[in-house]
Amino acid sequence: MHCIISRIFRATLGVLGIAAVAVIAIGWYASEKVIHPPADPPLDPKAFGLPLEEAVFQSRDGLRLAGWFLHGSNGATIILAHGRGSDHTHMLPDAKFLYEAGYSVLLFDFRYRGKSEGDEQTIGAKETWDLESAIDYVMTRRDVD
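Since this is a predicted model, take the numbers as computed values, not measurements.

## Side note on helix 3 (residues 127-140)
Over its 14 residues, helix 3 extends 20 Å from the first C-alpha to the last, a length consistent with the 20 Å expected when each residue adds 1.5 Å. What helix 3 keeps buried is the set Glu127, Asp130, Ser133, Ala134, Tyr137 and Val138. In a view along the axis of helix 3, the buried residues occupy a sector of 140°, so they form one face of it. Exposed residues lying more than 90 degrees from the buried face of helix 3 are Met139 and Thr140. In this fold, the buried residues of helix 3 make contact with strand 1 (53-58), strand 2 (64-70), strand 3 (77-81) and strand 4 (104-108).

## Digging into the sheet that holds strand 2
Reading across the sheet, the four strands line up as 1-2-4-3 and stay open at both edges, with mixed pairing between neighbours. This sheet does not close on itself; its edge strands, each paired only once, are strand 1 and strand 3. Between one strand axis and the next, the sheet turns through 30° on average, direction left out of account. Two strands pair when backbone bridges link them, and strand 1 and strand 2 are joined in this way by six bridges, in the antiparallel orientation. Opposite Phe57, over in strand 2, you have Leu65 as the bridge partner. Sheet strands in contact with helix 2 (residues 92-100) are strand 2, strand 3 and strand 4, and its direction is about 165° off that of strand 4. Where helix 3 meets the sheet, its contacts fall on strand 1, strand 2, strand 3 and strand 4, and the angle it forms with strand 1 comes to roughly 120°.

Conventions adopted
- Residues numbered from 1 in each chain as written.
- Predicted model: local features only at pLDDT ≥ 70, side-chain atom pairs only at ≥ 80, totals over all residues.
- Heavy atoms only, no water.
- Helix = DSSP H or I, 4+ residues; strand = E, 2+ residues; numbered from the N terminus.
- Expected span 1.5 Å × (residues − 1).
- Buried < 20%, exposed > 50% of the residue type's maximum accessible area, 1.4 Å probe, protein only.
- Arc of directions from axis to C-beta.
- Contact = heavy atoms within 4.5 Å.
- Pairing = 2+ DSSP bridges.
- Axes fitted to C-alpha atoms, helices over the stretch in contact; angles between N-to-C directions.

Printed below as a string of structure tokens:
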């Protein structure tokens, strides 16, 4: 009897061990997909015919962020932020619409996207720093009211 209980106990531990390894492996794989999502192919800026000016600034934690600035005619500026898995080129259709309506527009890449530095996305934890830095960048431009 003691031998049977011992075997059941060992088998249970073995199954639990395999389950724990499976959970860890699946968790690792899923977190890698979240932190390093695949990138959508960029759109061709030449197709939009916009007078794009390179914009480069630093995030709050020192990463180099990059994008484009468009000088509008009505004095107002709008910052466009792309979604997860894309980059600033995906905002070109919206930028064209806003620019033609007279707005200045900043399109930029969050960390780990497009021309910006970074090794991973933080699912919003540090991307807020990027957006705050974009606002700071616009506020320091002499050509923006």
